[in-house]
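Here is what each chain is made of, one letter per residue.
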Protein chains: 2
Amino acid sequence: MRRGLEFKKKARIIIVDDNYEHLNGVRELIEIESDFDVVATATSASVAISLIKKYRPEIVLMDINMPEKDGLTAIAEIEKLDLGVRTIALTGYDDPDLIFRAMKIGAKGYILKTMASAQLIYAIDEVAAGKIYLPNTLSSRFFEYFQKSFKEEIQSISDEENLLNYLTQREEEVLDLLTQGITYKGVAQKLFISETTVKTHVNNIFQKLQVNDRTQAVLYALNNGFLNKRKVKIAI
Amino acid sequence: MRRGLEFKKKARIIIVDDNYEHLNGVRELIEIESDFDVVATATSASVAISLIKKYRPEIVLMDINMPEKDGLTAIAEIEKLDLGVRTIALTGYDDPDLIFRAMKIGAKGYILKTMASAQLIYAIDEVAAGKIYLPNTLSSRFFEYFQKSFKEEIQSISDEENLLNYLTQREEEVLDLLTQGITYKGVAQKLFISETTVKTHVNNIFQKLQVNDRTQAVLYALNNGFLNKRKVKIAI
DNA sequence: CCTGATGTAGACCACGTGGTTAATGTTAAT
DNA sequence: ATTAACATTAACCACGTGGTCTACATCAGG
């Protein structure tokens, strides 16, 4: 709250890039073309972490194409510090997987080195203003990847021969309790039936799921979206 | 491949909206301001599905704020048909959860009714061109939600008192095999140790995880990112 | 040097679990 | 009306499992 007023203008930035020329290029660009204040630069992720702890900048421009400790891990560590530092990933590649992982771990922006300098300034502006910024072309790539992975996940669950579909309603209830680590006796009490009945159901479940014991049954249920079915299907 | 040439211009569109006035407004807008061809309209999701099967449009504009069968479910069904139809969600609310779910199930675009008409045309253009389009403000909202849910997931796994951290390396190996539904005997063979030793390890695991049986141990391991630890931590 | 953590192993026992067979009542579909 | 599917229960047995206690070897750190 208090901090909100401070960085309305003159956001403080740290730039991290193992390429010295590019580092200085970006630095000059920002110092000339924008109101931002480059408080430090680093050519390695580990140094960057120290500097971030020291200077507490609002923004970090992080090159993702570094050897040693790679940029993604660095971003993850910065996020873990939880200092409110907002990191923008800077890279040469528009690989969807890279974009996805960067955003996943908390990057607030993602810019290609090949993009126009105005684009970079704009991105910093947006991110400094508290937004998350991805250029349209990259966000499009991101979403394709995002949807693809989700589609595969859903298909692997609901598609093909999901043996869970052969279970009767009662058997599903029993399996549901099994996936909570409850014993025969416990299930019997919860369902108000005898322990023997539970055993029968469980045995039928084993046969239908083609497994030998409760652990395997539970694993099958979990891996094939027994619980997720509600999440994925009903609660879209 | 063959289809790629056909809809370079004159993409065929179906509009779905339970509000009749708005439906016609959008229709006129598209017919006047763009090159697209509105081949049909519908005021309910179920009718829309039939029309889509019949006309096989390239684009579907789907209102999300409908009663009866809601728009999200409709989009999911359309995706399931797998006809290559690209759906754009149209709604009054910029609720992050709604945006997230729409994109999750396969919407190729998401536009607010309050946005300028040019914005809508542009969105259709982009989506018809095979891209996925979210206006910057909405994509920013999406990413906040996306990152928040991921952060929570990671924290719930790695944070706080994760009892898995107290396991020794050997115990982790044993637990790993337990999570594959393997018995004492099987574990003993795989690790080249006696069955008794396995039992000792397993008992120690139970105590450390504060559970009573293998099923609960497996569940604890799965719920607290035993396997995910690698995925989440190492393979960022 | 010695303590503590770890991995290994055996023995014992109570109990939960898995496999099988048989039987009954209910309900839905043919 | 008859069948098929399902839910229910019993009795039995073999075996896996969980709990406890004891014991020994190794190795790192104080």
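We now turn to the structure provided with this report. Fair warning: this is a prediction, and the values are worked out from it, not measured in the lab. (Residues numbered from 1 in each chain as written. Chains lettered and ligands numbered in written order. Predicted model: local features only at pLDDT ≥ 70, side-chain atom pairs only at ≥ 80, totals over all residues. Heavy atoms only, no water.)

1. Some details on the protein's contact with DNA strand D
Reasoning step 1: Not every one of the 19 residues close to DNA strand D is listed here, only the nearest: Thr168, Arg170, Ser194 and Thr197 of chain A together with Lys199 of chain B.
Reasoning step 2: In DNA strand D, the atoms that sit within 4 Å of the protein are 66% sugar and phosphate, with bases accounting for the remainder.
Reasoning step 3: Here Lys199 of chain B contributes a side-chain N or O atom positioned 2.6 Å from a base oxygen of DNA strand D.
Reasoning step 4: One of the side-chain nitrogen or oxygen atoms of Asn203 of chain B is found 3.3 Å away from a phosphate oxygen of DNA strand D.
Reasoning step 5: The set of elements that each furnish at least two residues to the surface near DNA strand D consists of α8 (169–178) and α10 (195–209) of chain A together with α9 (184–191) and α10 (195–209) of chain B.
Reasoning step 6: The greatest single-element share of the surface near DNA strand D, amounting to 5 residues, is contributed by α10 of chain A. (Near = heavy atom within 4 Å. Polar contact = N/O pair within 3.5 Å; in protein donor to acceptor, adjacent residues only side chain to side chain. Helix = DSSP H or I, 4+ residues; strand = E, 2+ residues; numbered from the N terminus.)

2. Some remarks on the pairing of strand β3 (residues 59–63) of chain A
Residues and elements named next belong to chain A.
Reasoning step 1: The element β3 is extensively covered by neighbouring structure, given that 5 of its 5 residues are classed as buried.
Reasoning step 2: Across the two faces of β3 the burial is the same, with Ile59, Leu61 and Asp63 and Val60 and Met62 all buried.
Reasoning step 3: Relative to β3, strand β1 (residues 12–16) runs parallel, the two sharing 4 bridges. Bridge assignment links Ile14 to a residue of β3, and that residue is Val60.
Reasoning step 4: Both β3 and strand β4 (residues 86–91) contribute to a ladder of 5 bridges, which runs parallel. Residue pairing across strands places Met62 opposite Ala89, the latter belonging to β4. (Buried < 20%, exposed > 50% of the residue type's maximum accessible area, 1.4 Å probe, protein only. Pairing = 2+ DSSP bridges.)

3. Describing the side chain of Gln147 of chain B
Reasoning step 1: Mapped onto the secondary structure, Gln147 of chain B falls in helix α7 (residues 136–158).
Reasoning step 2: When sequence neighbours within four positions are dropped, the list of residues in contact with Gln147 of chain B reads Met103, Gly106, Ala107, Lys108 and Ile132 of chain A. (Contact = heavy atoms within 4.5 Å.)

4. Describing the interface of chain B and chain A
Reasoning step 1: On the chain A side, the residues contacting the 43 residues of chain B number 43 residues.
Reasoning step 2: For the pair chain B and chain A, the number of links is 2 salt bridges.
Reasoning step 3: Between Lys151 of chain B and Asp82 of chain A there is a salt bridge, with its nearest N and O atoms 3.5 Å apart.
Reasoning step 4: The interface formed by chain B and chain A contains 10 residue pairs in polar contact (both at pLDDT 80 or more).
Reasoning step 5: Elements that contribute at least two residues to the side of chain B that touches chain A include exactly α4 (71–81), α5 (96–104), α7 and α11 (214–223) of chain B.
Reasoning step 6: Broken down by element, the side of chain B that touches chain A gets its largest block of residues, 9 residues, from α7 of chain B.
Reasoning step 7: Along the lines of polarity and charge, the residues of the side of chain B that touches chain A split into 20 nonpolar, 11 polar and 12 charged. (Salt bridge = Lys/Arg side-chain N within 4 Å of Asp/Glu carboxyl O. Nonpolar A, V, L, I, M, F, W, Y, C, P; charged D, E, K, R; others polar.)

5. What to know about the pattern of salt bridges
Reasoning step 1: Scanning the model with the defined rule gives 22 salt bridges over all chains in all.
Reasoning step 2: In this structure, Asp63 of chain B and Lys113 of chain B form a salt bridge, with 3.3 Å as the shortest nitrogen-oxygen distance. Taken together, the positions of Asp63 of chain B in strand β3 (residues 59–63) and Lys113 of chain B in the loop between β5 (109–112) and α6 (117–128) put the pair 50 residues apart, joining distant regions of the chain.
Reasoning step 3: One salt bridge in this structure joins Lys131 of chain B and Glu126 of chain B, with 3.7 Å as the shortest N-O distance.
Reasoning step 4: Within this structure, Asp17, Asp63 and Lys113 of chain A form a network of salt bridges that share partners.

Purely geometric numbers; function is a separate question.
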